[in-house]
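Read off the chains here:
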Amino acid sequence: MAKLSTHVLDTARGRPAPGVSIELSAADGERWTPLVRTLTNADGRTDAPLLAGDAVRPGRYRLSFAAGDYFRATGVELPEPPFVDVVVIDFGIAEAGGNYHVPLLVSPWAWSTYRGS
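Definitions and cut-offs
- Chains are numbered independently. Their residues run from 1 in the order of the written sequence.
- Only residues with pLDDT of at least 70 get local features here, since the model is predicted, and only at 80 or more are side-chain atom pairs given and counted; chain-wide, interface and lining totals rely on the full set of residues.
- Here the side-chain values reflect all heavy atoms present in the structure, with hydrogen atoms and water set aside.
- Runs of H or I in DSSP of at least four residues are treated as helices and runs of E of at least two as strands, each being numbered from the N terminus.
- Only heavy atoms enter the contact rule, under which two residues are in contact if any of them lie within 4.5 Å.
- Paired strands, in this sense, are two strands between which DSSP finds at least two bridges.
- We define a salt bridge as a side-chain nitrogen of Lys or Arg found within 4 Å of a carboxyl oxygen belonging to Asp or Glu.

> Would you mind showing me how to read the environment of Lys3 here?
Following the sequence through the fold, Lys3 ends up in strand 1 (residues 3-5). Sequence separation of Lys3 and Ala66 is 63 residues, and the distance between their C-alpha atoms is 22 Å. Look past the residues within four positions of Lys3 in its chain and what remains in contact with it is Pro49, Leu51, Ala52, Val56, Gly98, Asn99 and Tyr100.

> Please explain the pairing of strand 5 (residues 31-39) as it appears in this structure.
Successive side chains on a regular strand alternate, one facing one side of the sheet and the next facing the other. The pairing of strand 4 (residues 21-28) with strand 5 spans 8 bridges and is classified as antiparallel. Paired with Ser21 across the bridge in strand 5 is Leu39. Connecting strand 4 to the antiparallel partner strand 5 that follows it, the hairpin turn spans 2 residues, and Gly29 within it adopts a positive phi of roughly 70°.

> Before we go on, may I ask you to explain the pattern of salt bridges in this structure?
Two side chains of opposite charge can pair, provided their charged atoms sit close to one another. Using the criterion set out here, one finds 8 salt bridges in the structure. The closest approach of N and O atoms between Arg115 and Glu95, which form a salt bridge, is 3.9 Å. Taken together, the positions of Arg115 in the segment after strand 11 (111-112) and Glu95 in the loop between strand 8 (86-93) and strand 9 (99-101) put the pair 20 residues apart, joining distant regions of the chain. Three or more residues joined by partner-sharing salt bridges are found here, namely Asp69, Arg72, Glu80 and Asp85.

> Any chance you could explain the side chain of Ser5 here in plain terms?
Tracing the sequence through the fold places Ser5 in strand 1. Non-local contacts of Ser5, meaning those with residues more than four positions away in its chain, are made with Tyr100, His101 and Val102.

Next comes the structure, spelled out in structure tokens:
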């Protein structure tokens with residue numbers, strides 16, 4: 001079954017990042033329409049795929065991760081404004097039946113992603 005999933009790793013602490021607020025939006029022309037709002041669980045993952053089955057459609061999508069709020073909640077001292085605050089990843093889905101995994105590896109000073117499966 002087709003699905004879109006994510007997880008968040010706190011690379012500064014070397015472990016999953018629980019409690020990160022995530023929003024998935026879809027592009028509608030120049031507008032972004034929110035589809036899903038969720039939090040990561042104790043394993044840094046969402047409890048369910050962000051999209052699954054027929055909901056995985058070709059198009060442009062945006063994942064927004066509230067990394068700054070997560071680091072503040074864990075007691076990390078951040079400058080104001082923080083260097084990494086809301087991480088926004090714009091990406092495309094080309095295959096309606098494909099599996100897309102968009103992880104976030106994040107610290108207060110850097111972040112990266114890749115297409116997993």
